[in-house]
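For reference, the chains in residue letters:
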Amino acid sequence: MRLFCLLLLPLTLTVTCPAAPPNILLIYSDDHGWADLGEQGVNGDIRTPNMDQLVRDGIRCHRGYVSAPQCVPSRAGVLTGRYQERFGVEDNTKGPLPLEEVSIAERLKPAGYVTGQVGKWHLDLPAEGKGKKDRTPLMAHMPHGQGFDEYWRGEIGRFFASHDLEGKPFPDAPHLVEDRRFRVSVQTEAALGFLDRRRAKPEQPWFLYLAYFAPHVPLESPEPWFSRTLEGLTKERRQALAMIAAMDEGIGEIRAKLKEMGQEKNTLIFFISDNGAPTKEGHWDGSINLPLIGEKGMLTDGGTRVPFVVAWPGTLPAGRVYEHPVVSLDVAATANALAGLPADPRLDGVNLMPFLKGEDKAAPHERLFWRWRTQAAVLEFPWKLIRLGPGEQFLFDVTTPEGEKKNLLAEHPDFVQRLNERLKKWSDELKPPGLPTEVNDQDATFFADHIDPRFRPAPKAAAAAPGSVQGWLCRNGTLQQKGGALIVTPEAEAKAPPFITLSPLDIAGPVTLKLMVRGDAAGPGSVTWRVRREAGFDPAKRVPLTWNEGAEWHPLTVEVPSTSNIIHLRVLLPAKAKQVEIQSITVERDGKAVQAWNFKQQASAS
Ligand SMILES: [Ca+2]
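The model shown is predicted, which means the values in this text are computed figures rather than measured ones.

Draft legend 1. View of the overall build of the chain. If you tally the helices and strands in the chain, you get eleven helices and 28 strands. In terms of its C-alpha atoms, the chain occupies a principal-axis envelope of roughly 105 × 55 × 45 Å. Taken over 606 residues, the chain has a buried fraction of 46%.

Draft legend 2. Layout of the nonpolar core. Of all hydrophobic cores here, the largest spans 121 residues; its most connected members are Leu26, Ile27, Phe207, Leu210, Val310 and Ala335. Per-element accounting of this core gives the leading share, eleven residues, to helix H6 (residues 235-260). Structurally, this core is a two-domain feature, drawing no fewer than three residues from each of domain 1 (29-127 + 137-365) and domain 2 (375-455). Those residues within four positions of phenylalanine 207 in sequence are excluded, and the remaining contacts are Ile24, Ile104, Ala105, Leu108, Tyr113, Thr115 and Ala335. Core analysis: the next-biggest nonpolar cluster, separate from the first, contains 32 residues, Phe499, Val527, Leu569 and Ile585 among them.

Draft legend 3. Representation of the environment of glutamine 117. Assignment of secondary structure puts glutamine 117 in strand E4 (residues 114-119). Along the chain, glutamine 117 and alanine 161 lie 44 residues apart, while their C-alpha atoms are 9.5 Å from each other. Here glutamine 117 is in contact with Pro143, Phe148, Tyr151, Arg153 and Tyr209, once residues within four sequence places are set aside.

Draft legend 4. Fine view of helix H10 (residues 413-427). Between the first and last C-alpha of H10 there are 21 Å, a value that for 15 residues agrees with the 21 Å anticipated at 1.5 Å per step. When H10 is considered as a whole, its buried residues turn out to be Leu419, Leu423, Trp426 and Ser427. Along the long axis of H10, the arc covered by the buried residues comes to 95°, so they all point the same way. Residues of H10 that are exposed and angled more than 90 degrees away from the buried face: Pro413, Asp414, Gln417, Glu421 and Lys425. In this fold, the buried residues of H10 make contact with strand E13 (368-372), strand E14 (375-380) and strand E15 (383-388).

Draft legend 5. Spatial organisation of the packing of helix H2 (residues 49-57) against H6. Running from N to C, H2 and H6 cross one another at 55°; their axes reach a closest spacing of 7 Å. Taken as axis vectors, H2 and H6 run oblique relative to one another. Side by side, H2 and H6 meet where Pro49, Asn50, Met51 and Leu54 of the first sit next to Asp248, Glu249, Ile251, Gly252 and Arg255 of the second. Residue composition of the contact of H2 with H6, grouped by class: four nonpolar, two polar and three charged.

Draft legend 6. Representation of the sheet that holds strand E7 (residues 175-179) in the model. The sheet built from ten strands is open, its strands ordered E7-E6-E5-E4-E8-E1-E9-E10-E2-E11 with mixed pairing. Since the sheet does not close on itself, it has two edges, and those belong to E7 and strand E11 (320-322), each with one partner. Across the sheet, the mean angle from the axis of one strand to that of its neighbour is 15°, orientation sign disregarded. Bridge count between strand E1 (residues 23-29) and strand E8 (residues 206-211): four bridges; the pairing is parallel. Following the sheet pairing, leucine 26 is matched in E8 by tyrosine 209. Sheet contacts for H2: strand E2 (59-61), strand E9 (267-273) and strand E10 (308-311); angle to E10, the most-contacted strand, approximately 60°.

Draft legend 7. Structural view of the domain arrangement of the chain. Looking at the assigned domains, one finds that the chain contains domain 1 (29-127 + 137-365), domain 2 (375-455) and domain 3 (473-598). With 13 residues of domain 1 in contact, the opposing surface of domain 2 contributes 15 residues. Of the residues contributing to the side of domain 1 that touches domain 2, the split by class is six nonpolar, four polar and three charged.

Draft legend 8. Looking closely at the sheet that holds E15. On the basis of which strands lie adjacent, the open sheet formed by four strands has the order E13-E14-E15-E16 and antiparallel pairing. Among the strands making up the open sheet, the edge pair consists of E13 and strand E16 (392-397). This sheet shows a mean twist of 10° between the axes of neighbouring strands, independent of strand direction. Relative to E15, E14 is paired through six bridges, and the arrangement is antiparallel.

Draft legend 9. Focus on the packing of helix H5 (residues 183-196) against H6. Here H5 crosses H6 at 15°, and the two axes come no closer than 9 Å. Here H5 is positioned roughly parallel relative to H6, judged by the angle of their axes. Handedness of the crossing formed by H5 with H6: right-handed. Contact with H5, carried on its side by Val184, Ser185, Thr188, Ala191, Leu192 and Leu195, involves Met243, Ala246, Met247, Gly250, Glu253, Ile254 and Lys257 of H6 and no other residues of that element. Of the residues in the contact of H5 with H6, the class split is eight nonpolar, three polar and two charged.

Draft legend 10. Highlighting the pairing of strand E25 (residues 550-560). Of all eleven residues that make up E25, one are buried, and the element is exposed over most of its length. Where strand E22 (residues 511-519) meets E25, eight bridges bridge the pair, whose relative direction is antiparallel. The residue bridging lysine 514 from the neighbouring strand is threonine 557, located in E25.

Draft legend 11. Seen up close, the environment of leucine 290. For leucine 290, the location among the structural elements is in the loop between E9 and helix H7 (301-304). For leucine 290, a count of 13 C-beta atoms within 10 Å translates into the label partly exposed. Separated by 223 residues in sequence, leucine 290 and leucine 513 place their C-alpha atoms 34 Å apart. Non-local contacts of leucine 290, meaning those with residues more than four positions away in its chain, are made with Ala35 and Val42.

Draft legend 12. Summary view of unusual backbone geometry. Going from valine 217 to proline 218, the amide bond is cis rather than trans, its omega being 0°. The omega torsion of the bond from glycine 509 to proline 510 falls at -5°, within 30 degrees of zero and hence cis. Of note, proline 510 is situated in the loop between strand E21 (507-508) and E22. Notably, arginine 373 is not glycine yet its phi reads approximately 55°, a positive angle. You can see arginine 373 is positioned in the loop between E13 and E14. Since 24 C-beta atoms lie within 10 Å of it, arginine 373 is described here as buried. Phi is positive for aspartate 590, close to 50°, though the residue is something other than glycine. Inspection of the secondary structure puts aspartate 590 in the loop between strand E27 (580-589) and strand E28 (592-598). Aspartate 590 sits in the exposed class, given 8 other C-beta atoms within 10 Å.

Conventions used here
Every chain begins its residue count from 1, and numbering advances along the sequence as written. Residue-level local features of this predicted model are given only where pLDDT is at least 70; pairs of side-chain atoms are given and counted only at 80 or more, and the full residue set underlies all totals for whole chains, interfaces and linings. Here a strand is any run of E in DSSP of at least two residues, a helix any run of H or I of at least four, and the numbering for each starts at the N terminus. Three exposure classes are used, all based on how many other C-beta atoms lie within 10 Å of a residue's own C-beta (placed from the backbone): buried at 20 or more, exposed at 12 or fewer, and partly exposed between those limits. For this entry, the nonpolar core is defined as buried Ala, Val, Leu, Ile, Met, Phe, Trp, Tyr and Cys residues connected by C-beta atoms within 7 Å. Segment limits for the domains were obtained from an automatic or database-derived domain assignment. Residue pairs are scored as contacts if the distance between their C-beta atoms, which are placed from the backbone, is within 7 Å. In this scheme, a helix's expected span is set at 1.5 Å multiplied by one less than its residue total. Working definition: the arc comes from the directions between the helix axis and the C-beta atoms, pointing outward to the latter. To get an axis, fit a line to the C-alpha atoms, keeping to the stretch in contact for a helix; angles then go from 0 to 180 degrees between the N-to-C directions. Should an angle lie under 35 degrees it is considered roughly parallel, over 145 roughly antiparallel, and from 65 to 115 roughly perpendicular; all remaining angles are considered oblique. As a working rule, the residues Ala, Val, Leu, Ile, Met, Phe, Trp, Tyr, Cys and Pro are called nonpolar, Asp, Glu, Lys and Arg charged, and the rest polar, with Gly in that last group. By the convention used here, strands pair only if DSSP detects at least 2 bridges between them. Left-handed describes a crossing whose near helix is turned anticlockwise from the far helix by less than a right angle; the clockwise case is right-handed.

Next up, the structure:
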């Protein structure tokens, strides 16, 4: 039909042909923060010329959201166009994507599309928590089980493929291919291969889901991109920039190929990240969400609002910024409509075309919903209500400079109630139904880190190690709680001074350590500590401490000037001590006790 119309058009310009369905290219990056798109105008250190050109040739959705702040559910959402909590794929432990759900590929095939997948899949992992420690991918749930004719499934090093990179089909597909080259380059090559195979039948529309595994950890320093990053930046930032630059270059090559194949103007491109960047020390992938609040794993914008670009040169306006919130679920509904398929009531997204073309000025969504682990949220722009567990609620105006830092809950009780009713109604349709009934420590820690420190969960009492007292252990000596004190008795034969030690901890420095002591110890000791990401004790992280001999209780105070979170503490006694008693240990920050151990009675750590 398309060929026929194209042939007729020059002669009979008034003939209206039903629009031929376009090719659809969905590029999904991984843990790629909102700020890391040059055109977003946030970070001066990023260079994404090809993505920026895509933005100039299309529309940058300023408030583009994904349906989850984590890989598996986000991918389940974008491919089905349905809130993934409806079918139980709520977080990374809840796979695989059920075979009865309809992926975009399965949706488009009856409309004549050939379908391809390249890169991270993650929808074939069995659920955790049912005694299934083994998370080997389930073959039946790989891309070929979800409607993809061709695929190159894998993140790094190992790929299950339908074709080799020269384009020859594997008779035993899915065939395991080992390719240790830089993953982004391999994924670009596989995508270009898919496009090359379309030359034989140029009139057949195609759908390609290209899920780049970048800039997700493990970070790499691929060349030539790494050397082009600014030297003064942290290594993680340089690695993320290099990996994003490699992806950017791949997008440039793909667009050049589309142009060369004459398919630029009949290809709709979505570029979206699957969730925000993780930002915790030790987990940071180098990408940046600022000025959005939060990170991967949170229902604040930092976890769910991402780079989101839609381009279709010649059909959609070029160089526009779209302000109304849109969501990854809209990709499937848009594809469904463009393929000329009947509207599907199961879809939660909407066809974005009339909105992006400017034909419909209304907002595409009255509200958007999320439920992830022990968080739930509803966005009724500009208001976002977030629930953390059963008890905590936040109302944010996402358009203010304070954004999701300023809780406006108390100022709008009626509105909060209405939003809660809507969120509750939506959550009752999910599997399992309902709002979160508990809060897990990881979710509470996210909110403590980014919004309010009072949400920090109490540290778990360490599993009592033999000889430990309230989590404290002694090396080169023994501990005993007796007579209202912790009694430290050094080993007579020990070659090194005794010390008491405690881990795990998680206390933001700097802190003041206060001990109430007495005993026969006199002389120099010290306090040493380890911070997050450090495997061992850094000799530089040591402050001296002078022990005094005496039968009276007396205080010892040590300033610990750590600028990071302290996870492990040691207090070293003088080499010649015979017995030291400790009545209490207190860690203070800004003059307030943040953690204390009292050995006067058999109390547990507070
Ligand atoms: Ca991800």
